[in-house]
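Letter by letter, the chains look like this.
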Amino acid sequence: MKLFKNIFFTVFLFSIIHLVNAAPFPDRAIKLIVPFTAGGNVDISARTIAQGLTEQLGQSIIVENKPGANTMIGTDFVAKSQPDGYTLLLAGAEGLAINPHVYKKVNYDALKDFSAVGIVGSFPFALVVSPKLNVNTLAEFIEYAKVRPGKLNFSSWGIGSTSQIAFEKFKQTTGIDLTHVPFQGAAPAITAIASGDVDAMMVPLSVALPQAIGGRIKILGVSSEKRIPTSDSIPTLSEQGVPVVISGWQILVAPKNTPSAVIQTLNQSLNKVLNSEVVRTSLTKGGITPSPGTSAQANAMIESEWTRWGKVAKDAKISLD
């Protein structure tokens, strides 16, 4: 009888554990880590999709900013989080494609420590300058810089950031010489342009547009292959004779070993959000092209971009301890 009771208790216990483990995902709030300061391109996207995911999943999506070390603090935090789908990362090229090529020590493996949920979107960079500079076109800016080698500067949201590397590519292509001034985040970096403390910057169009509309900065061109439909008055760099076509991207990822069923649930919800008119309109107005698709496509993009951005970083000769 005692043996029977023990067996019954064991079966009952395992049944309870199974029921707990089988609870539908998600059954509590999800944390979405943004490895940048608030107010930047990625932060804006995160808060936009977080609202949509909250509605789709029926649980709160809490956006938490963990900036620092060119996104490595937030990225490493997620890499070491429980692989249960409740801690996600909105990653960009810095964390997954540039840092491994720039820094000698990175505490995570960009290609092995994450499972991609899906691509959120891609975006071009806008070349912006301070209104205090006596230039109004790209040609005027290039000429202005050429006669002042080393006397002008450009900002970015960190050493090894896509912002810096995009501008380094622009420098290499045009033959101009500007000094790099890194900031902790896109918001303070572009504020320095508006105040005239820094002369120029490559910044996501979504961040540049509000500042340009307010007359605080000037946009001289975008790094896309073609003009952005919602901002078609802004010419591309290429059509102005500077063949620089470079874009950034945002991918939602989870820690490695996150159950495939959880990844699938998140991917399906993300795609519904990105296909919604409200979110598509919001992202597109900011210069971001929504890119719904599969998690396999997102994983493949991380691998290809790891190679592409690595080459750009190497060409710019950026190396840090």
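Computed from a predicted structure; not experimentally measured.

Visitor: How would you summarise the packing of helix H6 (residues 162-174) against helix H11 (residues 295-315) if you had to cite specific residues and measurements?
Guide: Relative orientation of the contacting elements H6 and H11 amounts to 60 degrees, with a least axis distance of 10 Å. In terms of axis orientation, H6 runs oblique to H11. Where H6 crosses over H11, the two elements pack in a sense that is left-handed. Every residue of H11 that contacts H6 at Thr162, Ile165 and Gln172 is listed here: Trp309, Val312, Ala313 and Asp315. A per-class count over the contact of H6 with H11 returns 4 nonpolar, 2 polar and 1 charged.

Visitor: Would you mind going over the side chain of Lys171 in detail, with residue names and values included?
Guide: On the secondary structure map, Lys171 appears in helix H6. Taking the relative accessible area as the measure of exposure, Lys171 reaches 14% and is therefore buried. Beyond its immediate chain neighbours, meaning those up to four positions away, Lys171 contacts Phe154, Ile176, Asp177 and Leu178.

Visitor: Tell me what's going on with the nonpolar core, and back it up with residues and numbers.
Guide: Formed by 102 residues in total, the largest nonpolar core has its most connected members in Phe141 and Phe170. With 11 residues, the single largest contributor to this core is strand E4 (residues 114-129). With residues near it in sequence (within four places) discarded, Phe141 still touches Leu127, Val129, Leu133, Val135, Leu152, Phe167, Phe170, Ile176, Leu178, Ala200 and Leu220.

Visitor: Please provide a residue-by-residue account of unusual backbone geometry, values included.
Guide: Cis geometry marks the peptide bond from Phe25 to Pro26, where omega comes out at -5 degrees. With respect to the element layout, Pro26 can be found in the loop between helix H1 (2-21) and strand E1 (30-34). Backbone geometry places Ala69, a non-glycine residue, at a positive phi of 55 degrees. Mapped onto the elements of the fold, Ala69 is located in the loop between strand E2 (61-65) and helix H3 (72-79). Judged by its relative accessible area of 36%, Ala69 falls in the partly exposed class. We note that Thr71 has phi near 80 degrees; this positive angle belongs to a residue other than glycine. Within the secondary structure, Thr71 sits in the loop between E2 and H3. With relative accessibility at 3%, the residue Thr71 sits in the buried group.

Visitor: Would you mind going over the pattern of salt bridges in detail, with residue names and values included?
Guide: The tally for this structure, following the rule as stated, stands at 11 salt bridges. For Arg28, the salt bridge goes to Asp27, with nearest N and O atoms at 3.7 Å. As a salt-bridge pair, Asp76 and Lys80 come within 2.5 Å of each other at their nearest N and O atoms. A residue is classified by how much of its surface remains accessible, and Asp76, at 17% relative accessible area, is buried. When salt bridges that share partners are traced, they join Asp27, Arg28 and Asp84 into one network.

Analysis parameters
Residues numbered from 1 in each chain as written. Predicted model: local features only at pLDDT ≥ 70, side-chain atom pairs only at ≥ 80, totals over all residues. Heavy atoms only, no water. Axes fitted to C-alpha atoms, helices over the stretch in contact; angles between N-to-C directions. Helix = DSSP H or I, 4+ residues; strand = E, 2+ residues; numbered from the N terminus. Parallel < 35°, antiparallel > 145°, perpendicular 65-115°, else oblique. Left-handed = near helix turned anticlockwise from the far one by under 90°. Contact = heavy atoms within 4.5 Å. Nonpolar A, V, L, I, M, F, W, Y, C, P; charged D, E, K, R; others polar. Buried < 20%, exposed > 50% of the residue type's maximum accessible area, 1.4 Å probe, protein only. Core = buried A, V, L, I, M, F, W, Y, C linked by side-chain atoms within 4.5 Å. Salt bridge = Lys/Arg side-chain N within 4 Å of Asp/Glu carboxyl O.

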